[in-house]
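Below are the chains, spelled out letter by letter.
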Amino acid sequence: MDDPTAEEPTEASADDLLPVKVDVLRVLEIGIALWVVALVLTLVIPALHEDGRDWWPWTCVAGAVLGGIGWAYIRRGRGNASAA
């Protein structure tokens, strides 16, 4: 029941499986910018930081600060992050 016209699957070599190059600093900068925008929105719109949502601005601050730490870590080239 084998199809004689079917092609045999070929194995991928190590050269075919190279990782995708990503500008990690750019990704971090975009993420930090989005956290800052979210912080501004939560502070400007009162409904987003009242009635039990007083932790929302602090979440945005934490996201921006942790992103900044990650940005500094990658920027300085510590450990494997220098090749990222």
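Each value, and the rule that gives it
Residues numbered from 1 in each chain as written. Predicted model: local features only at pLDDT ≥ 70, side-chain atom pairs only at ≥ 80, totals over all residues. Heavy atoms only, no water. Helix = DSSP H or I, 4+ residues; strand = E, 2+ residues; numbered from the N terminus. Buried < 20%, exposed > 50% of the residue type's maximum accessible area, 1.4 Å probe, protein only. Contact = heavy atoms within 4.5 Å. Areas by Shrake-Rupley, 256 points an atom, 1.4 Å probe, with all protein chains shown as cover. Expected span 1.5 Å × (residues − 1). Arc of directions from axis to C-beta. Salt bridge = Lys/Arg side-chain N within 4 Å of Asp/Glu carboxyl O.

Enquirer: Which residues make up the overall build of the protein, and what are the values?
Expert: What the protein contains, in helices and strands, is two helices and zero strands. Within the span of the protein, comprising 84 residues, buried residues form 11% of the whole. For the protein, contacts bridging at least 24 residues in sequence account for 53% of all contacts bridging at least 6. For the protein, the exposed area adds up to about 7,200 Å²; of that, 63% sits on carbon and sulfur atoms.

Enquirer: Describe helix H1 (residues 24-44), naming the residues involved and giving the relevant values.
Expert: Two residues of an α-helix separated by three or four positions point the same way, owing to the 3.6 residues in each turn. Compared with the 30 Å implied by 1.5 Å per residue over 21 residues, the 30 Å span of H1 between its first and last C-alpha is a close match. Restricting attention to buried positions, one finds in H1 the residues Ile32, Leu39 and Thr42. Projected down its long axis, H1 carries its buried residues within an arc of 85 degrees, all on one side. Of the exposed residues in H1, those oriented more than 90 degrees away from the buried face are Val27, Leu34 and Val44.

Enquirer: Residue-level account of the environment of Ala33, with values.
Expert: Inspection of the secondary structure assignment puts Ala33 in helix H1. With relative accessibility at 39%, the residue Ala33 sits in the partly exposed group. Measuring from C-alpha to C-alpha, the distance between Ala33 and Ala64 comes to 7.7 Å, with 31 residues separating the pair along the chain.

Enquirer: Go over the pattern of salt bridges, please, and point to the residues and values.
Expert: Following the criterion strictly, the structure yields one salt bridge and no others. When the shortest N-O distance is used, the salt bridge between Arg26 and Glu29 registers 3.1 Å. Remark: Glu29 and Arg26 occur in helix H1; sequence separation between them is three residues, near one turn of the helix. Using a relative accessible area of 30% as the deciding quantity, one classes Glu29 as partly exposed.

Enquirer: Kindly report on helix H2 (residues 56-76), identifying the contributing residues and their values.
Expert: With 21 residues, H2 should reach 30 Å at 1.5 Å per residue; the first-to-last C-alpha distance of 30 Å fits that figure. Restricting attention to buried positions, one finds in H2 the residues Pro57, Cys60, Gly63, Gly67 and Ile74. For H2, the angular spread of buried residues about the axis comes to 120 degrees, placing them on one side. The exposed set on the far side of H2, more than 90 degrees from its buried face, consists of Trp58, Leu66, Ile69 and Arg76. Trailing H2 by a residue or two, Gly77 shows a phi angle of about 75 degrees, which is positive.

In short, geometric facts, not functional conclusions.
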